[in-house]
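# Report on the structure
Take a look at the letters that make up each chain.
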Amino acid sequence: MQTLPTPVNILHSRNPLLPFHQSTTTSPSTYPGNLRIRSKAKNEEAFKERKQVHVDYDKGIHDVSLNISGLKKDDISRRYRLRVENDKFQKDWDISQVVNRLLKLNHWEDCDALLNRWVGRFARKNFPLLIREITQRGSIEHSNHVFRWMKNQKNYVARVDIYNMMIRLQARHNRTDQARGLFFEMQEWRCKPDAESYNALINVHGRAGQWRWAMNIMEDMLRAAIPPSRSTYNNLINACGSSGNWKEALKVCRTMTENGVGPDLVTHNIILSAYKNGAQYSKALSYFGLMKGTGIRPDTTTLNIVIHCLVKLEKIEEAVKIFISMRDKRTESPPDVVTFTTIIHMYSSCGQIENCKAVFDTMLAEGLKPSLISYNVLLGAYASRGMSEEALSVFNEIKQKGFRPDVVSYTSLLCAYGRSRQPDKARDVYYSMKNNRLKPNLVCYNALIDAYGANGMLTEAVETLREMERDGIQPNVVSICTLLAASGRCGRKVDIDTILSASKSRGIELNTAAYNAAIGSFLYVGEYDKAVSLYKSMGTKRAKPDSVTFNVLISGCCKFGKYDEAIELFSAMIDLAVPISKEVYSSVISAYGQQGQLEILESVFADMKMAGCTPDVVTYTSILNAYIGAEKWEKAMALFDEMETINIQLDSIACSAIMRAFNKGGNPTNVLALAKQMRERKISFTDTVIYEMVSACSMLRDWKTAVDLVELIEPSFPVISVGLINQLLRLLGKSGKSDVMVKVLEWMEDGGPQPTYDMYQNIFTYAERSSGSECAAFIKQRLGSIKQNVMA
């Protein structure tokens, strides 16, 4: 390895290796060993890029590459040509061939050996082309090797453009310190930085989020009397905007305009991106409106940012409208992979998983190659719904397409298994990720804790928390929330207090979501007083109760029969101007209903509608139960008519309440009509529903429907209560259907609750009165058998 001469010695000596313009005593033609000068036309031909196209129809490969030859053996001085002519190891490669061979080497292999076999190294003009070609390929390790080798060549002369290309490469790889080092090194070699040098340095600091450094570099540039270009301002605006400092980005944009450098489309896109990074989505849309007024046509990047902001503001229809317009054949801004990925994420957030897959398939159909991020978004959509089979299919497709699944991919698959109640498979995914040398992050550990906790495996969840700490990852408030929810599901009162103490000892400050989880867990295990105490402690902390907090507390109060406390909490919620959710309204309506305060209940119900909160079947069921409890049968039936008018989807609980209102109000016929609708809508028949149907048949003396009812509920005998079966048997006895009574008893003996002595005794009288003497004899025989078993 040759020793690199110091910059000062080179620049102040009459060394023949100096560039032509730095010598004042010797003409270029007298330099010993200097390059032989070609004509200008030949130089242009040597440095001209030529397209090379390779097509393989069998494999479906279409490859287009650019080739540049550079100066070759015939173009170098005679003494160098004589040195390499008889050396079989010296190769007269094109510059593109040298780059291709270098990139085939691993960066730790001997790149110098290959470069020392290249004849073109004796032509100084090849060096900038070589650096340009290899930096454009993006391989930073190979580029660094080539640059070090180049500086050790005798005919190398430091040039600004070479340093600029190297600084830009470091910027692309976010190597801030290395880029800054090259900037200082070029000045040591007496290469004066130009506008491109400063642009590249501002760019690399912007990528690293060091916007103050970028501002300081801009000031240095002005002190050096180098006028900033539009690219300079754009890089500085991007440096501020990428770190979310949108206000500083706007200041730079104003300065740019004041200095007579007008913004272009790139500037507008950077400003929009700054608003997006700063979560100023409404401002971004307003700026987009102003941008369209200037006559500048948005491109795909612009519209991608706008769609992202619309999705964040939940303006789904507008986002879809822009997406459809981008797919128009005449558009100048067609959608790219980022556009499709954003739309997939939008549908995932809305829970429209079918649309996620449809958009992904459309992207493939239009010839776009999905990125790993696209696959991860689709995988995350399936994971959010616990669709583990579909998630696994996408995960396998990632590997089939040549991508390497990252931590996000594994975490999404793990989450899919956790939500589909498969904690063992979630654990397997976790170990598979570690086996593939990927380090689980905080999100991954929290997903595994949730997978265990959701399935009642609290011990495993706590052990995962400890493993996370052993791996040097500190748990956060999400970890605590997950453990608190798991403790509540498992009914572990002691563990809830232990987890709260552990979070305090680790310095984890609970947020509103954590308090909600803890309050919900205490209520789940019956610790009402602790839940209320924790709620009151929120007043001394930064966490403020939200709609979820009050919903959990009010629902808990109703569960424990503390209706006065529920109403007090509702009043506190109104005083704090907390948005009232549908669930809170339903719970409060239930509380007023239990107290018989129908006027206030109706007032709250009216307020709910006025607030734009659409009542659901739970709300209506609460009001129905209140009317039934107060024996307001007409109001209950009128409320049912309202439910039918606005197409409220009924469930078993609502239907049983409505049937009870019909029976109590003297309309048993409507009960059987509603039962018919339930069969058509495939709503399940519960004990309460069947009880009301039996009562309706009894009032109507509709024995045929009663017999049909027996056949309807026969598959449910193993789970139907004995009291309901007793009522049904009495009804059949009154109707004289002794044979059906006996069939019911046989069904019970085969698989349902076993008939008791009292049950046979109660129906024996009905069997004797009817004409079924055989049935009476059967029942009498069963009575004797049961009596003997008891005596034995």
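Quick caveat, the model's predicted, so the values are computed rather than measured.

Once that is clear, we can look at the confidence of the model for the protein. Close inspection of predicted coordinates is inappropriate for parts of the model with low pLDDT. When pLDDT is averaged across the protein, the result is 79; 80% of the residues are at 70 or more. At the low end of the mean pLDDT range in the protein sits helix α1 (residues 7-11), at 33; at the high end sits helix α20 (residues 372-384), at 93. A low-confidence stretch, residues 1-39 (pLDDT under 50), is modelled with 62 contacts involving residues beyond four sequence positions or located in other chains.

To continue, consider helix α35 (residues 633-645). Working note: α-helix, 3.6 residues per turn, so residues spaced by three or four point in the same direction. Here α35 is 13 residues long and its end C-alpha atoms lie 19 Å apart, about the 18 Å a rise of 1.5 Å per residue gives. All buried positions along α35 are accounted for by Trp 633, Ala 636, Met 637, Leu 639, Phe 640 and Met 643. Seen along its axis, α35 keeps its buried residues to an arc of 155°; they face one direction. Relative to its buried face, α35 has exposed residues pointing more than 90 degrees away, namely Glu 634 and Thr 645. Residues of α35 that are buried sit in contact with α34 (617-629), α36 (652-664) and α37 (668-681). Count one or two residues on from α35 and you reach Asn 647, which has phi positive near 60°.

Topologically, Leu 569 is positioned in helix α31 (residues 563-575). Aside from chain neighbours lying at most four places away, what touches Leu 569 is Tyr 535, Phe 550, Leu 553, Ile 554 and Cys 557.

Below, the discussion takes up the nonpolar core. By size, the foremost hydrophobic cluster in this structure holds 212 residues, and its most contacted members are Leu 102, Leu 130, Met 150 and Leu 650. No other element matches α20, which puts eight residues into this core. The next biggest cluster of nonpolar side chains, apart from the first, holds seven residues, and it includes Leu 71, Tyr 80, Val 119 and Ala 123.

Attention now moves to the packing of α20 against helix α22 (residues 407-419). Direction vectors running N to C along α20 and α22 enclose 10°, while the axes themselves pass 8 Å from each other. Classified by the interaxial angle, the pair formed by α20 and α22 is roughly parallel. Here the hand of the crossing between α20 and α22 comes out left-handed. Touching Leu 372, Asn 376, Leu 379, Gly 380, Ala 383 and Ser 384 of α20 are Val 408, Ser 409, Ser 412, Leu 413, Cys 415, Ala 416 and Arg 419, all from α22. Classifying every residue of the contact of α20 with α22 by side-chain character gives seven nonpolar, five polar and one charged.

Time to look at the environment of Leu 236. Residue placement: Leu 236 occurs in helix α12 (residues 230-242). Once the C-alpha coordinates of Leu 236 and Gly 206 are considered, the two residues, 30 residues apart in sequence, prove to be 7.0 Å apart. Contacts of Leu 236, omitting those with residues within four sequence positions, involve Ile 202, Ala 214, Met 215, Met 218 and Val 252.

Tallied over the entire structure, the rule returns zero disulfides. Summary of cysteine pairing: Cys 558 is not part of a disulfide, and the nearest cysteine sulfur, belonging to Cys 557, is at 6.9 Å. For Cys 558, a relative accessible area of 14% gives the class buried.

What follows deals with unusual backbone geometry. Despite not being glycine, Arg 190 has its phi angle at roughly 65°, a positive value. One non-glycine residue, Arg 421, adopts positive backbone phi at about 60°. In this structure, Arg 421 sits in the loop between α22 and α23 (423-435). On the basis of relative accessibility, which here comes to 57%, the residue Arg 421 falls in the exposed class.

Cut-off values and rules
- Residues numbered from 1 in each chain as written.
- Predicted model: local features only at pLDDT ≥ 70, side-chain atom pairs only at ≥ 80, totals over all residues.
- Heavy atoms only, no water.
- pLDDT = per-residue confidence, 0-100.
- Helix = DSSP H or I, 4+ residues; strand = E, 2+ residues; numbered from the N terminus.
- Contact = heavy atoms within 4.5 Å.
- Expected span 1.5 Å × (residues − 1).
- Buried < 20%, exposed > 50% of the residue type's maximum accessible area, 1.4 Å probe, protein only.
- Arc of directions from axis to C-beta.
- Core = buried A, V, L, I, M, F, W, Y, C linked by side-chain atoms within 4.5 Å.
- Axes fitted to C-alpha atoms, helices over the stretch in contact; angles between N-to-C directions.
- Parallel < 35°, antiparallel > 145°, perpendicular 65-115°, else oblique.
- Left-handed = near helix turned anticlockwise from the far one by under 90°.
- Nonpolar A, V, L, I, M, F, W, Y, C, P; charged D, E, K, R; others polar.
- Disulfide = S-S within 2.5 Å.

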